[in-house]
Amino acid sequence: MRLDGLAIGGAIAVAYRNEAIRARIFAHIKAVRWACLLLLLIAPFYAWSLRSTVAHQVLYYIGRFYLALLYGLILILATRPGDGRTKSVLRSKILGFFGLISYSLYLFHTPAKGFVFHLFRGTAERLQTMSDIMLMAVSAAVAIAFCLALYRVVERPAQLFGKTFSYNSNAEASSSIAVQRR
């Protein structure tokens, strides 16, 4: 089980609770921005190196840490005071759309890849040829379409149903929560 992403997110959350640490992070925001840019520039080389079967095994672990670190830096940039460029990018409609289906996409992107590669090739997924890249694009489209349908048919109705309940906590007995249907 990998905990690097959880550890990076947890470290940022703990740091943000301390005003002095948060102020030091924001005082060095230029360094955070440069580190984020450097990690983004490395991304094509990381993706290219996945073509090798040996590199894939090693980069499987390094790559997860790399992504967790990149996302952590983006999180720092997005939560800094003011209304910066990062925040305006994060408010885009396309990212809002992916935010709606993000958890489903996380759960179903791997089965979608397996399904598409098995359907068209009869093999496990890989990324070594141009046709593999095309199949990856098809599997991404399949996963996105499936997750959008799942959001519309299951998630959104469940969210709306959940809003029909009111949750009132009893101040005297903090362990009890009264649930009432509106």
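Please refer to the structure placed before this passage.
Residues numbered from 1 in each chain as written. Predicted model: local features only at pLDDT ≥ 70, side-chain atom pairs only at ≥ 80, totals over all residues. Heavy atoms only, no water.

A. Broad picture of the overall build of the protein chain. Across its full length, the protein chain carries seven helices and two strands. Reading the secondary structure of the protein chain in the N-to-C direction produces α-α-α-α-α-α-α-β-β. Expressed as a percentage of its 182 residues, the buried residues of the protein chain come to 22%. Restricting to contacts in the protein chain with at least 6 residues of sequence separation, those with at least 24 account for 50%. Carbon together with sulfur atoms contributes 69% to the accessible area of the protein chain, which is approximately 13,100 Å² in total. (Helix = DSSP H or I, 4+ residues; strand = E, 2+ residues; numbered from the N terminus. Buried < 20%, exposed > 50% of the residue type's maximum accessible area, 1.4 Å probe, protein only. Contact = heavy atoms within 4.5 Å. Areas by Shrake-Rupley, 256 points an atom, 1.4 Å probe, with all protein chains shown as cover.)

B. Representation of the packing of aromatic side chains in the model. Under the defined criterion, the tally for this structure stands at five aromatic pairs. With 5.1 Å between their ring centres and 70° between their planes, F97 and F98 make a pair best called edge-to-face. Taking the centre distance of 4.9 Å and the plane angle of 75° together, the rings of F108 and F146 count as edge-to-face. Here the residue F108 occupies a position in helix α6 (residues 93-120), and F146 occupies one in helix α7 (residues 130-162), the gap between them amounting to 38 residues. (Phe/Tyr/Trp six-rings, centres within 6.5 Å; stacked < 30°, edge-to-face > 60°.)

C. Representation of helix α3 (residues 29-49) within the structure. Here α3 spans 30 Å end to end across 21 residues, near enough to the 30 Å set by a 1.5 Å rise per residue. In α3, a bend of some 35° at A43 exceeds every other bend along the element, and P44, a proline, comes one to four places later. Every buried residue belonging to α3 is among I29, V32, C36, L39, Y46 and S49, and all of these are buried. (Expected span 1.5 Å × (residues − 1). Bend = angle between axes of the 7 residues up to and from the residue.)

D. Spatial organisation of the packing of helix α1 (residues 4-17) against helix α2 (residues 19-27). Here α1 crosses α2 at 110°, and the two axes come no closer than 5 Å. Judged by the angle between their axes, α1 and α2 are roughly perpendicular. Here A15, Y16 and R17 of α1 come into contact with α2, specifically with E19, I21, R22, I25 and F26. Looking at the contact of α1 with α2 residue by residue, the classes come out as five nonpolar, no polar and three charged. (Axes fitted to C-alpha atoms, helices over the stretch in contact; angles between N-to-C directions. Parallel < 35°, antiparallel > 145°, perpendicular 65-115°, else oblique. Nonpolar A, V, L, I, M, F, W, Y, C, P; charged D, E, K, R; others polar.)

E. Fine view of the environment of Y61. Within the secondary structure, Y61 sits in helix α4 (residues 53-78). On the basis of relative accessibility, which here comes to 48%, the residue Y61 falls in the partly exposed class. Between the C-alpha atoms of Y61 and D4, which are 57 residues apart in sequence, the distance is 9.8 Å.

F. Here's a closer look at the nonpolar core. Y16, I25, F26, I29, V32 and I76 are the most contacted members of the largest nonpolar core, which totals 17 residues. Elements with a contribution of two residues or more to this core: α1, α2, α3 and α4. Examining the composition of this core, we find that six residues originate from one element, α4, more than from any other. Contact partners of I29, with chain neighbours within four places excluded, come to I76, L77 and R80. In terms of nonpolar packing, the next biggest core, distinct from the first, is built from six residues, I101, A143, C147 and Y151 among them. (Core = buried A, V, L, I, M, F, W, Y, C linked by side-chain atoms within 4.5 Å.)

G. Focus on a nonpolar patch on the surface. Taken together, the side chains of F115, L119, F120, V138 and V142 make up a nonpolar region of the molecular surface, amounting to roughly 480 Å² of accessible area. For the nonpolar patch, the secondary-structure elements that each account for two or more residues are α6 and α7. Top contributing element to the nonpolar patch by residue count: α6, with three residues. (Patch = residues over 30% accessible without salt bridge, like charges linked within 9 Å, V, L, I, M, F, W, Y side chains within 5 Å. Salt bridge = Lys/Arg side-chain N within 4 Å of Asp/Glu carboxyl O.)

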